Amino acid sequence: QVHVEESGGGLVQAGGSLRLSCAASGRTFSRFRMGWFRQAPGEEREFVAAIAWSASTYYADSVKGRFTISRDNAKNTVYLQMNSLKPEDTAVYYCAAGVGLLGSNYYNSHEYDYWGQGTQVTVSS
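Residues numbered from 1 in each chain as written. Predicted model: local features only at pLDDT ≥ 70, side-chain atom pairs only at ≥ 80, totals over all residues. Heavy atoms only, no water.

Peer 1: What should I look at first to understand the overall build of the protein chain in this one?
Peer 2: Within the protein chain one finds zero helices and eleven strands. When the helices and strands of the protein chain are read in sequence order from the N terminus, they spell out β-β-β-β-β-β-β-β-β-β-β. For the protein chain, the C-alpha radius of gyration of 13 Å lies close to 14 Å, the compact-globule estimate for 125 residues. Along the three orthogonal principal directions, the C-alpha set of the protein chain runs to about 40 × 30 × 25 Å. Across the 125 residues in the protein chain, those meeting the buried criterion constitute 42%. For the protein chain, contacts bridging at least 24 residues in sequence account for 57% of all contacts bridging at least 6. As displayed, the protein chain has an accessible area near 6,500 Å², and 45% of this comes from carbon and sulfur atoms. Computed over 11 positive and 11 negative side-chain charges, the inter-centroid distance for the protein chain is 8 Å. (Helix = DSSP H or I, 4+ residues; strand = E, 2+ residues; numbered from the N terminus. Rg over C-alpha atoms; globule rule 2.2 N^0.38 Å. Buried < 20%, exposed > 50% of the residue type's maximum accessible area, 1.4 Å probe, protein only. Contact = heavy atoms within 4.5 Å. Areas by Shrake-Rupley, 256 points an atom, 1.4 Å probe, with all protein chains shown as cover. Lys, Arg positive; Asp, Glu negative; His and termini not counted. Charge placed at Lys NZ, Arg CZ, Asp CG, Glu CD.)

Peer 1: I keep staring at the nonpolar core and nothing clicks. Help me out?
Peer 2: For soluble globular proteins, the rule of thumb is that nonpolar side chains tend to be buried together. In terms of nonpolar packing, the biggest core is built from 36 residues, with Met-34, Trp-36, Leu-80, Met-82 and Tyr-93 touching the most fellow members. The residues contacting Tyr-93, other than those within four sequence positions of it, are Glu-6, Leu-20, Trp-36, Phe-37, Arg-38, Val-48, Phe-67, Leu-80, Met-82, Gly-118, Thr-119 and Val-121. (Core = buried A, V, L, I, M, F, W, Y, C linked by side-chain atoms within 4.5 Å.)

Peer 1: Explain the state of the cysteines here, please?
Peer 2: Two cysteines whose sulfur atoms are joined by a covalent bond form what is called a disulfide. One pass over the structure, following the stated rule, counts one disulfide. A sulfur-sulfur distance of 2.0 Å marks the disulfide that ties Cys-22 to Cys-95. Across the disulfide from Cys-22 to Cys-95, rotation about the S-S bond amounts to roughly -80 degrees, and the bridge is consequently left-handed. Taken as a pair, Cys-22 in strand S3 (residues 18-24) and Cys-95 in strand S9 (residues 91-98) lie far apart in primary sequence, 73 residues in all. On the accessibility criterion, Cys-95 (0% relative accessible area) is buried. (Disulfide = S-S within 2.5 Å.)

Peer 1: Just to check I follow, could you spell out unusual backbone geometry for this structure?
Peer 2: Residues apart from glycine generally show negative phi values, whereas peptide bonds are mostly found in trans. One non-glycine residue, Ala-55, lies in the positive phi region at around 80 degrees. Along the chain, Ala-55 falls in the loop between strand S5 (46-51) and strand S6 (57-59). Here the phi dihedral of Asn-76 falls at roughly 50 degrees; this positive angle occurs in a residue that is not glycine. Within the secondary structure, Asn-76 sits in the loop between strand S7 (67-72) and strand S8 (77-82).

Peer 1: Explain the pairing of strand S4 (residues 33-39) here, please?
Peer 2: The side chains of a regular strand alternate, residue by residue, between the two faces of the sheet. Counted residue by residue, S4 has six buried out of seven residues, so it is predominantly covered. In this structure, S4 lies alongside S9, joined through seven bridges in antiparallel fashion. If you follow Phe-37 over to S9, its bridge partner there is Tyr-94. With five bridges joining them, S4 and S5 adopt antiparallel strand pairing. Bridging from a neighbouring strand, Met-34 pairs with Ile-51 of S5. The antiparallel hairpin formed by S4 and S5 contains six residues in its connecting segment, where Gly-42 sits at a positive phi of about 75 degrees. (Pairing = 2+ DSSP bridges.)

As structure tokens, then:
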């Protein structure tokens, strides 16, 4: 069992920045693929960013150039640095860990086995 916990959400003005953190348990964290997803009210959960065990990164077009995902395997933690935030970035952000072989692609929520409870990010205009 892997426990995943997000932190770092909050209220920020448009154009501002936030850094989300996600701590995951497990001695093999360095082999996990880690992803960030978000869900706005009335919307479906959508992919934001992912990082492979190799440190390769993947981004949704809507956040490319503004968000950066990174990992610190020594701390079992993945980060999402969010810059130039927009009101449309407002959502609950979820961190997820994938531990098995990748079946399709990093953008697919079904490729992640363990999920955190989410952290609210609100961007005011």
